[in-house]
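Residues per chain are reported as follows:
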Amino acid sequence: MIYLDNAASTPMHPHVIAAMQSAMDSLAGNPSSVHQMGRQVKMRLTEARERLADWLHCQSTEIVFTSGGTEANHMALFSAFLAGRKRTDRPHFLTTAIEHHAVLESLELIQELGADITLLPASLGGRISVDALLDAIRPQTVCVSLMMVNNELGSRLPVEEAVQRIKSIRPDIHLHTDAVQALPNLRLSLSSLGVDSAAFSAHKIHGPKGIGALYIRKGQPFFSSLRGGQQERKRRAGTENILGIIGFAEAVKMLREEWEIRQEKLYRLNRLMRSVFQQIPDCEVLSPDDAVPSILSTAFSGTSSSTMLMQLDLAGFAASAGSACTAGVIAQSHVLSACGYPENIRKSAIRWSLSVMNTESEIEKLKDWLQGHFKSS
Ligand SMILES: Cc1ncc(COP(=O)(O)O)c(C=O)c1O
């Protein structure tokens, strides 16, 4: 199978598997236990936290390990809600209509609990205007949530500009970013970015599934929505997923070591993919030219996404129609709708996503298949 669905999840790096296997053999204790076996696990937990913080340019105390990107987004937004409710009866949240469901559905729940939510539409290519964001801010706005990289189009959202402009007029607003798809693509410095919180996930960088992290800026009030223990400085109760955390840290180590090689390769493969799609007359590339290199969305006129994905699957290619989290059933993309793409495009969209483990010869095979397929169909 040729795997072109890396935005959904990436295969684990061999070093990650080895690090987790060795931890499985040797780490029996609970990091909260005071005996040697507990302390040994605690030390590994501390090392992992420091490694992630170092890569993200933040302090290790600002990192809270979570079960993944979904939970990290949820915790950040709930914290902003609980903090906001102390200031106003009806806190207002501002976000974009192209966020991941992890953000949109957390906000739906927050709305049910008494908040107002504004979803800003995007334009073609997944662009968001900071002017429009500023215009939508109200006196009751307590939180703005803006993803860094859109998971369907690969578009980069103007988080840095938004933080600067919003903080200059309303420093009290909590600025959250879903940085799950930024981690494999952008070299981040959280201390200079100035966001109050950010969500990350290990399985997009060849780490294990079911582990992620929430960055919470030092000094930012945090109200945990998962209580019942002192772990993670009381910000996320429950015995830590030490195997996942060790795997995440090893994935970050490999990301750091291979950063230049990976970036160079992703851009090379992305250019090759784009040139392949240019040669297929029925194909339109939806991702903007400056999208991150790992994500490329297309539409093939006249072929529905589900038919195309089935044909690709039979031919040995794994891709997706939108974000994997909704792809169990192929629903039309809320991202493409929010950007204003017409129905024929939304119905025929395919998202291709790359990782460093892909090769040029795989893309050549895709090219041969697409050329044969569109000639004969
Ligand atoms: C942008 C974005 N946010 C959040 C998530 C959810 O992350 P996780 O699968 O770790 O819960 C994903 C996963 O696809 C994503 O792409």
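What comes next is a walk through the structure. From a predicted model like this one, the values you see are computed outputs, not experimental measurements.

Focus on empty space enclosed by the protein
Part 1 of the reasoning: Applying the stated criterion across every chain yields a total of four cavities of 30 Å³ or more.
Part 2 of the reasoning: Roughly 150 Å³ of internal volume is contained in the largest cavity.
Part 3 of the reasoning: Lining the largest cavity we find 17 residues, and of these Pro184, Lys204, Leu266, Leu354 and Ser355 sit closest to its centre.
Part 4 of the reasoning: Looking at which element gives the most residues to the lining of the largest cavity, the answer is helix 10 (residues 259–278), with three residues.
Part 5 of the reasoning: Residues belonging to the lining of the largest cavity are distributed by class as follows: seven nonpolar, eight polar and two charged.

Details of unusual backbone geometry
Part 1 of the reasoning: Notably, histidine 57 is not glycine yet its phi reads approximately 55°, a positive angle.
Part 2 of the reasoning: Position of histidine 57 among the secondary structure elements: in the loop between helix 2 (36–56) and strand 2 (63–66).
Part 3 of the reasoning: Although it is not a glycine, lysine 234 sits at a positive phi angle of roughly 65°.
Part 4 of the reasoning: Relative to the helices and strands, lysine 234 resides in helix 8 (residues 231–234).
Part 5 of the reasoning: On the basis of relative accessible area, lysine 234 is assigned to the exposed category, the value being 55%.

Re the nonpolar core
Part 1 of the reasoning: In terms of nonpolar packing, the biggest core is built from 75 residues, with Leu56, Phe65, Ile98, Ile166, Leu190, Phe200 and Phe248 touching the most fellow members.
Part 2 of the reasoning: Tallying contributions element by element places helix 9 (residues 242–257) first for this core, with eight residues.
Part 3 of the reasoning: Judged by nonpolar contacts, the second largest core, of 26 residues, contains Val276, Leu309, Leu370 and Phe374.

Things to note about the sheet that holds strand 8 (residues 212–216)
Part 1 of the reasoning: Taking strand neighbours across the sheet as the criterion, the seven strands line up as 2-8-7-6-5-3-4 in an open arrangement whose pairing is mixed. Both edges of this open sheet fall to strand 2 and strand 4 (116–120), since each of them pairs with a single strand only. Strand-to-strand twist in this sheet, taken as the mean axis angle between neighbours without regard to direction, amounts to 20°.
Part 2 of the reasoning: Of the pairings in the sheet, the one linking strand 6 (residues 174–178) to strand 7 (residues 197–201) comprises three bridges and is parallel in character. The residue of strand 7 that forms the bridge with threonine 177 is alanine 198.

With respect to the pattern of salt bridges
Side-chain pairing between opposite charges can occur once the charged atoms of the two side chains come close.
Part 1 of the reasoning: Overall, the coordinates contain 22 salt bridges when judged by the stated rule.
Part 2 of the reasoning: Here arginine 127 ties to aspartate 290 by a salt bridge, and the two come within 3.2 Å at their closest N and O atoms. One end of the pair, arginine 127, is in the loop between strand 4 and helix 5 (130–135); the other, aspartate 290, is in the loop between strand 9 (283–285) and strand 10 (295–300), with 163 residues separating them in the sequence.
Part 3 of the reasoning: Residue arginine 127 is classed as partly exposed on the basis of its relative accessible area, which comes to 36%.
Part 4 of the reasoning: One network of salt bridges, with partners in common, ties together Arg51, Glu250, Lys253 and Glu257.

Things to note about the packing of helix 1 (residues 14–26) against helix 9
Part 1 of the reasoning: Between helix 1 and helix 9, the shortest axis-to-axis distance is 8 Å and the interhelical angle comes to 150°. It follows that helix 1 is roughly antiparallel to helix 9 by the angle criterion. Like other packed secondary-structure pairs, helix 1 and helix 9 cross with a definite hand, here right-handed. Each of His15, Val16, Ala19, Met20, Ala23 and Met24 in helix 1 lies in contact with helix 9, whose residues at this interface are Leu243, Gly244, Ile246, Gly247, Glu250, Ala251 and Met254.
Part 2 of the reasoning: Class assignment of the residues belonging to the contact of helix 1 with helix 9 gives a composition of nine nonpolar, three polar and one charged.

Conventions adopted
Residues numbered from 1 in each chain as written. Predicted model: local features only at pLDDT ≥ 70, side-chain atom pairs only at ≥ 80, totals over all residues. Heavy atoms only, no water. 1 Å grid on protein atoms, 1.4 Å probe; cavity = no way out; pocket = protein on both sides within 12 Å on 5 of 7 lines; lining within 4 Å. Points joined across faces, edges and corners; volume = space filled by probe spheres on them. Helix = DSSP H or I, 4+ residues; strand = E, 2+ residues; numbered from the N terminus. Nonpolar A, V, L, I, M, F, W, Y, C, P; charged D, E, K, R; others polar. Buried < 20%, exposed > 50% of the residue type's maximum accessible area, 1.4 Å probe, protein only. Core = buried A, V, L, I, M, F, W, Y, C linked by side-chain atoms within 4.5 Å. Pairing = 2+ DSSP bridges. Axes fitted to C-alpha atoms, helices over the stretch in contact; angles between N-to-C directions. Salt bridge = Lys/Arg side-chain N within 4 Å of Asp/Glu carboxyl O. Parallel < 35°, antiparallel > 145°, perpendicular 65-115°, else oblique. Left-handed = near helix turned anticlockwise from the far one by under 90°. Contact = heavy atoms within 4.5 Å.

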